[in-house]
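Results of the structural survey
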Amino acid sequence: MARLKTPQKNGTPTTTDSPGAYVARVTAHNRSFGDTHVLKSIDLDIRPGEFVALLGRSGCGKSTLLRSLARLDPVPAGEVAISGRTSVAFQEPRLLPWRRVRDNVELALLNTPERRSRADLATRTLAEVGLSEKLGSWPRELSGGQAQRVSLARALVSSPSLLLLDEPFSALDALTRIEMHQLVIDLWRRHSMAVLIVTHDVDEALALADRVVVMDEGRLAHSWQITLPRSDRAPSQPEIAGARAQLLDALGVKPTPPNPNRNPLTNQGAA
Amino acid sequence: MSTTTVAAPTAPTRPRRRSRSRGSRLLFLRRWVSPVVLVALWQVLSSAGVLSERTIASPQQIAATAADLVRDGTLGAATLVSVQRVGIGFAVGAVIGLALAILAGLSGLGEHAIDPPMQMLRTLPHFGLIPLFIIWMGIGEAPKLALIALGVAFPLYLNTLSGIHGIDRKTVEAARAMGLTWTQRIRHVVVPGALPQTLVGLRQSLGIAWLSLIVAETISAHSGLGYMINHARDFLQTDVIVVGLAVYSLLGLATDAVVRYLEGRALAWRG
């Protein structure tokens, strides 16, 4: 049951090509800025409702790939196909300071046809992220975690089929981050959209994702499927500990060798 | 938590608040003491014959003249003409300044074309252009309006442009990720983002508009407050001159108050 698939090459094997099978399909995608090749022939498929973590060191190109998926950068025709809506939550909340919390969320519905229900929908989504009491607040009155929740609500309110999260929790303190992880899992279960989270945090990737893709120097180096239920993903779980070691190894991080002169439990010198 | 907020405005705080307001009223009155003393001194010196009427009329006489000028309609008509000049000149200058700032702020090409000449011209003292204006446009209404418009356009241009430049590009990008169109981004992000700095420019430009009016009307005018003042100069009517000056400053104060009110309304989000 608790099973961790060993490295596969570049994403999951293609099983079907029917149009509903993917919310995003990236094929032989290249990006370069001047002489620097940031993305080198990327292939990635994201299935509906799948939770994918894109893990990599700073500068590996993971955010560039997210920007391609979000259609924030011009992308050569045919390399990135998206079906349905995408929305993005960034590392910073990026709220408009001159709009109250609910108006910020409503802004994401500006181009949806049903004008009347915008406020209701925004109110409901803010309730889902636990901010019912902050509807009329100005962004400056929010804490970092609250602002990031508004940003999540703003991304969710338009019911995207693919939610893109660009290191959304890296600026938050550790405790808030754990709460946000639970919130994202809740929201994902309730809305059943696909999620791609870009992160450099191995534990975050292991806690959240169905599939962890490691990116290295513009290439998708490895992909792991994590089948363990999320409630069983304590870091002490042998499967998780093992996966963690493999991911760190794929990222080129060497484990700290144990100090043979110290007993880690008592923190006293062994005779 | 809620009990303290509910309790706050009840009995115990009331006396303190009343005493505080009485204290601030006293402070407010104290600020009027020295101006009143100065006017009284002026009246005493005039009555004693120390200040001759040719130097400056007594406050009493100025008040009487003001009442006469209001009653026979001279002051009202002159003020109306002057306010119209400022209104038209300001409108023309504001449209030019704002349009140039928007063009320069939103397109790189526009900035390259517009900003260098504007930066060169802004160092030119615009009152120095009066001789040229008179050669080009004669001494009718046109050079007066041109002088006011020129004085208004520059502070609005410079402040609005720096307001647009100061907008966080990341919020614009977030708006793009939400699927907002170009016009929607201008309306919901760029305009409100540049507004605080534009209002600073508005206040500066209104001050300059009144100053330009006074200079323009002093040089040549056949109507308006400046004409009334110049006419009075020919007959050594210092009382009429002072009434005209007082109206100028009241008009300046009034427009400043309007801008401050607008700032309070539009910038509530800053707290």
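Further up the page is the structure itself.
Okay, so let's go over this structure. From a predicted model like this one, the values you see are computed outputs, not experimental measurements.

Turning our eyes to something else, we now look at the overall build of chain A. Secondary structure summary: chain A contains 7 helices and 11 strands in total. In chain A, which comprises 271 residues, the share counted as buried stands at 48%. Across chain A, every contact between residues at least 6 apart in sequence was considered, and the portion connecting residues at least 24 apart equals 71%. Of the roughly 13300 Å² of accessible surface on chain A, a fraction of 51% belongs to carbon and sulfur atoms.

As for its position among the elements, Thr86(A) is in strand β5 (residues 86-89). C-alpha of Thr86(A) to C-alpha of Ala70(A): the two residues are 16 residues apart in sequence and 6.3 Å apart in space. Sequence-distant contacts of Thr86(A), defined by excluding residues within four places in its chain, comprise Leu69(A), Ala70(A), Arg71(A), Pro160(A), Leu162(A), Leu164(A) and Ala177(B).

It is worth spelling out the sheet that holds strand β1 (residues 24-33) of chain A at this point. Residues and elements named next belong to chain A. What the 3 strands build is an open sheet, ordered β2-β1-β4; its pairing is antiparallel. Across the chains shown, the open sheet's two edge strands, defined by having one partner strand only, are β2 (36-46) and β4 (80-82). On average, each strand axis in the sheet is tilted by 25° relative to the strand beside it, whichever way the strands run. Contacting β1, β2 and β4, helix α1 (residues 62-69) crosses the sheet at an angle of about 120° to β1.

Strand residues, when the strand is regular, have side chains that alternate between the two faces of the sheet. All names here are of chain A. In this sheet, β2 lies alongside β1 in antiparallel orientation, the contact comprising 7 bridges. Considered in β2, the bridge of His29 is made with Ile42. Hairpin remark: β1 followed by β2, antiparallel, with 2 residues in the connecting loop; positive phi at Gly34, about 65°. Alignment of β1 against β4, held across 3 bridges, turns out to be antiparallel. The residue of β4 that forms the bridge with Ala24 is Ile82.

The subject of this paragraph is the packing of helix α4 (residues 74-106) of chain B against helix α9 (residues 182-219) of chain B. Residues and elements named next belong to chain B. α9 packs onto α4 with a crossing angle of 140° between their chain directions and a minimal axis gap of 9 Å. One element, α4, and the other, α9, form an angle in the oblique class. For α4 against α9, the interelement crossing comes out right-handed. On α9, the residues touching Ser82, Val83, Arg85, Val86, Phe90, Leu98 and Leu106 of α4 are Trp182, Ile186, Val190, Thr198, Leu202, Ser205, Leu206, Ala209, Trp210, Leu213 and Glu217.

One pass over the full model with this rule turns up 4 cavities of 30 Å³ or more. Counted as a void, the largest cavity has a volume near 110 Å³. In terms of lining, the largest cavity is formed by Ile130(B), Phe133(B), Ile134(B), Gly138(B), Ile139(B), Gly140(B), Pro143(B), Lys144(B), Leu147(B), Ala216(B), Ile219(B) and Ser220(B). Those elements that provide at least two residues to the lining of the largest cavity are α6 (130-137), α7 (141-165) and α9 of chain B. When its residues are assigned to classes, the lining of the largest cavity shows 8 nonpolar, 3 polar and 1 charged. Empty space within the second largest cavity amounts to approximately 90 Å³. Taken together, Arg85(A), Ser87(A), Val88(A), Phe90(A), Ala108(A), Arg154(A), Ala155(A), Ser158(A), Ala174(B), Ala177(B) and Met178(B) form the lining of the second largest cavity.

Its location among the elements puts Arg185(B) in helix α9. The residues contacting Arg185(B), other than those within four sequence positions of it, are Val172(B), Ala175(B), Arg176(B), Leu180(B) and Val190(B).

This next bit is on the side chain of Arg118(A). Mapping Arg118(A) onto the fold places it in helix α3 (residues 118-128). Here Arg118(A) occupies a buried position and makes no salt bridge, while the nearest side chain of opposite charge, Glu106(A), is found at 5.4 Å.

Under the criterion given, the structure shown has 24 salt bridges over all chains. One salt bridge in this structure joins Arg102(A) and Glu106(A), with 3.7 Å as the shortest N-O distance. With Arg102(A) and Glu106(A) both in helix α2 (residues 101-106), this residue pair falls 4 residues apart, about one helical turn. Looking at Arg102(A), the relative accessible area reads 28%, which means it is partly exposed. Take Glu106(A): its relative accessible area is 17%, and that puts it in the buried class. Notably, a salt bridge pairs Arg203(B) with Asp256(B), separated by 3.2 Å at the nearest N-O pair. Residue Arg203(B) is found in helix α9, and its partner Asp256(B) is found in helix α11 (residues 238-266); the two are separated by 53 residues along the sequence. Residue Asp256(B) is classed as partly exposed on the basis of its relative accessible area of 23%.

Turning next to the interface of chain B and chain A. With 19 residues of chain B at the interface, the matching set in chain A holds 21 residues. Surface buried jointly by chain B and chain A totals about 1800 Å² across both partners, of which 60% is contributed by carbon and sulfur atoms. By the criterion of area lost to chain A, the three top residues of chain B are Met178(B), His188(B) and Trp269(B), representing 36% of everything that side buries. Remark: the boundary between chain B and chain A carries 3 salt bridges. Residue Glu92(A) pairs with Lys170(B) through a salt bridge whose shortest N-O separation is 3.1 Å. The interface formed by chain B and chain A includes 11 residue pairs in polar contact (both at pLDDT 80 or more).

With that settled, the discussion passes to the packing of aromatic side chains. Ring pairs (aromatic) are described by centroid distance and by the angle formed between their planes. The full count for this structure, using the stated rule, is 3 aromatic pairs over all chains. On the numbers, 5.3 Å between centres and 75° between planes, the contact of Phe51(A) with Trp188(A) is edge-to-face. With Phe51(A) in strand β3 (residues 51-56) and Trp188(A) in helix α5 (residues 174-191), this pair connects stretches of sequence that are 137 residues apart. Per residue, the accessibility class of Phe51(A) equals that of Trp188(A), and both read buried. Ring centres 6.0 Å apart and planes at 35° place the aromatic pair Phe133(B) and Trp136(B) in the tilted group. Placement of both Phe133(B) and Trp136(B) in helix α6 is noted, with a separation of 3 residues, approximately one turn of the helix. Exposure remark for Phe133(B): the relative accessible area of 9% places this residue in the buried category. Just above the ring of Phe90(A) sits the side chain of Arg94(A); from NZ or CZ to the centre is 3.7 Å.

What counts, and where the lines are drawn
- Residues numbered from 1 in each chain as written.
- Chains lettered and ligands numbered in written order.
- Predicted model: local features only at pLDDT ≥ 70, side-chain atom pairs only at ≥ 80, totals over all residues.
- Heavy atoms only, no water.
- Helix = DSSP H or I, 4+ residues; strand = E, 2+ residues; numbered from the N terminus.
- Buried < 20%, exposed > 50% of the residue type's maximum accessible area, 1.4 Å probe, protein only.
- Contact = heavy atoms within 4.5 Å.
- Areas by Shrake-Rupley, 256 points an atom, 1.4 Å probe, with all protein chains shown as cover.
- Pairing = 2+ DSSP bridges.
- Axes fitted to C-alpha atoms, helices over the stretch in contact; angles between N-to-C directions.
- Parallel < 35°, antiparallel > 145°, perpendicular 65-115°, else oblique.
- Left-handed = near helix turned anticlockwise from the far one by under 90°.
- 1 Å grid on protein atoms, 1.4 Å probe; cavity = no way out; pocket = protein on both sides within 12 Å on 5 of 7 lines; lining within 4 Å.
- Points joined across faces, edges and corners; volume = space filled by probe spheres on them.
- Nonpolar A, V, L, I, M, F, W, Y, C, P; charged D, E, K, R; others polar.
- Lys, Arg positive; Asp, Glu negative; His and termini not counted.
- Salt bridge = Lys/Arg side-chain N within 4 Å of Asp/Glu carboxyl O.
- Buried area = accessible area lost by both parts, 1.4 Å probe.
- Polar contact = N/O pair within 3.5 Å; in protein donor to acceptor, adjacent residues only side chain to side chain.
- Phe/Tyr/Trp six-rings, centres within 6.5 Å; stacked < 30°, edge-to-face > 60°.
- Lys NZ or Arg CZ within 6 Å of the ring centre and 35° of its normal.

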